[in-house]
Amino acid sequence: MARPRSFDEKQVLTAVRDQFWDAGYAATSLEDLMQVSGLGKGSLYAAFGDKHQLFLQVLRGYTDARHDQLRKTLTETPRALDALRMLLEAPAEADARRGCLMANSTYELGHADPEVLAHAHRTYEASTALIGDCVARAQHEGDVPAEADPIALARALLAAQQGLVFMGRTGLDTGTLAATARSLTAQLLP
């Protein structure tokens, strides 16, 4: 009979996620994962598989949580235009130097890891669809021109938002990031 797990899986996955997020995939060693998780090699492998499987599980959990948060923001904000503006302002208000785990991982591994690339593609398409629905709602509310293509504008907004995330990773101060976000908002959502 197998022994019950004596660790909090959610806590372990959060610690491992933070390790990958802060150091990147390649720079994270098995020893790093053992240290942050508090688990031995055998327990880590038995519970989560190898380093790559663990990374993919953490990445999926991260993107699922981000999509839930994005969906909530875009649907629960009373006015769709305000939700779209918040999308562009969020990178200036967040821990900008850390960036986005999905974007960081795509940059690091997308060219060499087909699973990460496929996950990135699905993630950005899902984000585009959520933002596109919000653009359509803003059109219905009269705040975005009816002739605008919701998906094209959603892609532009997502590209602008990810650009701000990248700029934050360079160490750009939050005041400059916020000013850039306001300028992008004025251009994309007049």
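Residues numbered from 1 in each chain as written. Predicted model: local features only at pLDDT ≥ 70, side-chain atom pairs only at ≥ 80, totals over all residues. Heavy atoms only, no water.

**Student:** Honestly, the overall build of the chain in this entry has me stumped. Any pointers?
**Tutor:** A count of helical and extended segments in the chain gives nine helices and zero strands. Across the chain, helices and strands are ordered from the amino to the carboxyl terminus as α-α-α-α-α-α-α-α-α. Dimensions of the chain, computed from the C-alpha atoms along their principal axes, are close to 60 × 35 × 30 Å. Looking at the chain residue by residue over its 190 residues, the buried ones come to 40%. Across the chain, every contact between residues at least 6 apart in sequence was considered, and the portion connecting residues at least 24 apart equals 67%. Accessible area for the chain stands at about 10500 Å²; split by element, carbon and sulfur atoms hold 54% of it. In the chain, 19 side chains carry a positive charge and 24 a negative one; their mean positions are 4 Å apart. (Helix = DSSP H or I, 4+ residues; strand = E, 2+ residues; numbered from the N terminus. Buried < 20%, exposed > 50% of the residue type's maximum accessible area, 1.4 Å probe, protein only. Contact = heavy atoms within 4.5 Å. Areas by Shrake-Rupley, 256 points an atom, 1.4 Å probe, with all protein chains shown as cover. Lys, Arg positive; Asp, Glu negative; His and termini not counted. Charge placed at Lys NZ, Arg CZ, Asp CG, Glu CD.)

**Student:** What is the right way to look at the environment of Arg-182 in this model?
**Tutor:** Of note, Arg-182 is situated in helix H9 (residues 174-188). Along the primary structure Arg-182 and Leu-88 are separated by 94 residues, whereas in three dimensions their C-alpha atoms are 7.9 Å apart.

**Student:** Where do I start with the packing of helix H4 (residues 51-76) against helix H7 (residues 114-140) in this structure?
**Tutor:** For any two helices packed against each other, one specifies the inter-axial angle together with the distance between the axes. Between H4 and H7, whose axes approach to 10 Å, the crossing angle comes to 5°. The orientation of H4 relative to H7 falls into the category roughly parallel. Residues His-52, Phe-55, Leu-56, Leu-59, Arg-60, Thr-63, His-67, Leu-70, Arg-71, Leu-74 and Thr-75 of H4 lie in contact with H7, whose contacting residues are Glu-115, Val-116, His-119, Thr-123, Ala-126, Ser-127, Leu-130, Ile-131, Cys-134 and Arg-137. Of the residues in the contact of H4 with H7, the class split is 10 nonpolar, seven polar and four charged. (Axes fitted to C-alpha atoms, helices over the stretch in contact; angles between N-to-C directions. Parallel < 35°, antiparallel > 145°, perpendicular 65-115°, else oblique. Nonpolar A, V, L, I, M, F, W, Y, C, P; charged D, E, K, R; others polar.)

**Student:** I keep staring at the environment of Pro-150 and nothing clicks. Help me out?
**Tutor:** Along the chain, Pro-150 turns up in helix H8 (residues 150-169). Since its relative accessible area comes to 24%, Pro-150 is described here as partly exposed. Once the C-alpha coordinates of Pro-150 and Ile-131 are considered, the two residues, 19 residues apart in sequence, prove to be 8.2 Å apart.

**Student:** Whenever I open this one, the pattern of salt bridges confuses me. Can you help?
**Tutor:** In a structure, side chains of opposite charge can pair up when their charged atoms sit close to one another. All told, the structure shown has nine salt bridges when counted by the stated rule. Here Arg-85 makes a salt bridge to Asp-82, at a shortest N to O gap of 3.9 Å. With Arg-85 and Asp-82 both in helix H5 (residues 80-93) and three residues apart, the pair spans about one turn of that helix. The exposure class of Asp-82 is partly exposed, given its relative accessible area of 30%. Linked by salt bridges that have partners in common, Arg-17, Asp-18, Asp-22 and Arg-98 make up one network. (Salt bridge = Lys/Arg side-chain N within 4 Å of Asp/Glu carboxyl O.)

**Student:** In this structure, what is going on with the layout of surface pockets? I would like to understand it.
**Tutor:** Remark: the empty space left among the atoms is shown by a probe the size of a water molecule rolled over them. Here the second largest pocket defines a volume of roughly 350 Å³. Elements represented by at least two residues in the lining of the second largest pocket include exactly helix H1 (9-23), helix H6 (101-109) and H8. Broken down by element, the residue count for the lining of the second largest pocket peaks at seven residues, all from H6. Its residues assigned to classes, the lining of the second largest pocket shows 11 nonpolar, five polar and three charged. (1 Å grid on protein atoms, 1.4 Å probe; cavity = no way out; pocket = protein on both sides within 12 Å on 5 of 7 lines; lining within 4 Å. Points joined across faces, edges and corners; volume = space filled by probe spheres on them.)

**Student:** In this structure, what is going on with the nonpolar core? I would like to understand it.
**Tutor:** The nonpolar side chains of soluble globular proteins are, as a tendency, buried together. Counting residues in hydrophobic clusters, the biggest one holds 26 residues, and the most contacted among them are Val-16, Phe-20, Leu-44, Phe-48, Leu-54 and Phe-55. Among the elements of the structure, H1, helix H2 (30-37), helix H3 (41-48), H4, H6 and H7 are those that each provide at least two residues to this core. Among the elements that make up this core, the one with the highest residue count is H4 (six residues). Those residues in contact with Val-16 that sit more than four places away from it in its chain are Leu-33, Val-36, Ser-37, Leu-54 and Val-58. (Core = buried A, V, L, I, M, F, W, Y, C linked by side-chain atoms within 4.5 Å.)

**Student:** What is the right way to read the packing of aromatic side chains from this model?
**Tutor:** To describe a pair of aromatic rings, you give the distance between the ring centres and the angle between the ring planes. Counting across every chain of the model gives five aromatic pairs. Relative to Phe-48, the ring of Phe-7 has its centre 6.2 Å away and its plane inclined at 50°; by these criteria the two rings are tilted. Of this pair, Phe-7 sits in the segment before H1 while Phe-48 is found in helix H3, placing the two residues 41 residues apart along the sequence. Exposure remark for Phe-48: the relative accessible area of 5% places this residue in the buried category. When the centroid spacing of 5.0 Å and the interplanar angle of 80° are considered together, the rings of Phe-20 and Phe-55 count as edge-to-face. Here Phe-55 lies in helix H4 and Phe-20 lies in helix H1, a separation of 35 residues in the sequence. No difference in accessibility class separates Phe-20 from Phe-55, as the two residues are buried. Three or more aromatic residues joined by ring pairs form one cluster here, namely Phe-20, Tyr-25 and Phe-55. Here Arg-98 stacks its cationic end above the ring of Trp-21, 4.0 Å away from the centre of that ring. (Phe/Tyr/Trp six-rings, centres within 6.5 Å; stacked < 30°, edge-to-face > 60°. Lys NZ or Arg CZ within 6 Å of the ring centre and 35° of its normal.)

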